[in-house]
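# Tertiary structure, described
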Amino acid sequence: MLASQSGLAFAAQREACVLSAYPDGAGVSLGFGIFGAKMGQTISYAEAIEKYIERAKISDDDMAAIFPDYSFTQTQYDSLWEMTYNLGRTAMLKEHILLTKIHELSLDITDRRLQDSVAAEYPNVKYTAEKGYHNLARKMSSAALFLRGDYGDLTWLKLWTEGKVPGKDPPLSVKMPI
């Protein structure tokens, strides 16, 4: 299974696009949350989209490694794919409680109680080393996708142009390129 076009747009929208490197958790990111940038580095919008698509292929490989032979609905897959894209394989593998619940669900994918149990764990996933809840709105929209197949409105994307950064400058709203 691979991320759907809607899944790619869903994750891109939650990442947003930042054309100047910015502090992100324990490091520096650029474009659609591509970790490992250097402060002062910039990227064009077209390059950011290209790198996002490249990174998306890695996330599909990560999903195959983390969840071999698991059956998901497309929206469940896209929701977990978005989380894996954001966290990366190593951090996702540290989410033992979530992974245990997903394994339980894989034994009976139709069990609504088990689906709820997986989605209820989303707020506890650690996107950063910060204590307490972080990025809760993002996690809850991913949980809604997991449970209800609700991608939300995928027509717009937040874009911070060169020299602008999240938390300091307001974004532009641009039409979703994916």
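Use the structure listed above.
Residues numbered from 1 in each chain as written. Predicted model: local features only at pLDDT ≥ 70, side-chain atom pairs only at ≥ 80, totals over all residues. Heavy atoms only, no water.

Further remarks concern the packing of aromatic side chains. Tallied over the entire structure, the rule returns eight aromatic pairs. When the ring of Phe32 is compared with that of Tyr52, the centres are 5.0 Å apart and the planes differ by 45°; the resulting orientation is tilted. Within this pair, whereas Phe32 is found in the loop between strand S2 (27-31) and strand S3 (34-35), its partner Tyr52 is found in helix H2 (residues 45-66), the two being separated by 20 residues in sequence. Considered together, Phe32 and Tyr52 belong to a single accessibility category, that of buried residues. Ring geometry for Tyr122 and Phe146: centres 5.9 Å apart, planes at 55°, overall tilted. Pair noted here: Tyr122 is in the loop between helix H6 (112-121) and helix H7 (136-148) and Phe146 is in helix H7, with a separation of 24 residues, a long-range link. Like Phe146, Tyr122 is buried. Connected via pairs of aromatic rings, a cluster forms that spans Phe32, Tyr52, Trp81 and Tyr85. The side chain of Arg14 reaches across the aromatic face of Phe10, ending 3.7 Å from its centre. (Phe/Tyr/Trp six-rings, centres within 6.5 Å; stacked < 30°, edge-to-face > 60°. Helix = DSSP H or I, 4+ residues; strand = E, 2+ residues; numbered from the N terminus. Buried < 20%, exposed > 50% of the residue type's maximum accessible area, 1.4 Å probe, protein only. Lys NZ or Arg CZ within 6 Å of the ring centre and 35° of its normal.)

Within the element layout of this structure, Gln76 appears in helix H3 (residues 74-87). Ignoring sequence-local partners within four residues, the contact set of Gln76 consists of Leu105, Ile109, Gln115 and Phe146. (Contact = heavy atoms within 4.5 Å.)

The next thing to look at is the sheet that holds S2. Overall, mixed pairing links the five strands, which are arranged S3-S2-S1-S4-S5 in an open sheet. The sheet terminates laterally at S3 and strand S5 (172-175), the two strands that pair on one side only. Of the strand pairs in this sheet, strand S1 (residues 17-24) and strand S4 (residues 156-160) are connected by two bridges, and their pairing is parallel. Among the inter-strand pairings, Cys17 is bridged to a residue of S4, identified as Leu159. Together, S1, S2, S3, S4 and S5 form the strand contacts of H2, whose direction differs from that of S1 by roughly 65°. (Pairing = 2+ DSSP bridges. Axes fitted to C-alpha atoms, helices over the stretch in contact; angles between N-to-C directions.)

Moving on: H6. Residues Leu114, Gln115, Ser117, Val118, Ala119 and Glu121 constitute the buried set of H6. A side-chain oxygen of the first residue of H6 lies 2.9 Å from the backbone nitrogen of Arg113; this N-cap is Asp111. (Polar contact = N/O pair within 3.5 Å; in protein donor to acceptor, adjacent residues only side chain to side chain.)

The next subject is helix H1 (residues 5-15). When you tally the buried positions in H1, you get eight out of 11 residues, the bulk of the element. Of the positions making up H1, those classed as buried are Gly7, Leu8, Ala9, Phe10, Ala11, Ala12, Gln13 and Glu15. Elements that come into contact with the buried residues of H1 comprise S1, H2, H3, H7 and S4. Trailing H1 by a residue or two, Ala16 shows a phi angle of about 70°, which is positive.

Here we take up the nonpolar core. Judged by nonpolar contacts, the single largest core of 48 residues is most densely connected at Phe32, Tyr52 and Trp81. Apart from the residues within four sequence positions on either side, Tyr52 is in contact with Leu8, Ala11, Ala12, Phe32, Trp81, Tyr85 and Ile178. Core analysis: the second largest hydrophobic core is formed by five residues, Ala16, Val18, Tyr22 and Val165 among them. (Core = buried A, V, L, I, M, F, W, Y, C linked by side-chain atoms within 4.5 Å.)

Now for the packing of H2 against H3. For the pair H2 and H3, the least separation of the axes is 9 Å and the interaxial angle reads 110°. What the angle tells us is that H2 and H3 run roughly perpendicular. Considering how the two elements wind past one another, H2 and H3 form a crossing that is right-handed. Between H2, through Tyr52, Arg55, Ala56, Ser59, Asp60, Asp62, Met63 and Ile66, and H3, the contact on the second element is made entirely by Tyr77, Leu80, Trp81, Thr84 and Tyr85. Partitioned by chemical class, the residues of the contact of H2 with H3 number eight nonpolar, two polar and three charged. (Parallel < 35°, antiparallel > 145°, perpendicular 65-115°, else oblique. Left-handed = near helix turned anticlockwise from the far one by under 90°. Nonpolar A, V, L, I, M, F, W, Y, C, P; charged D, E, K, R; others polar.)

Any functional reading would require information beyond the geometric quantities listed.
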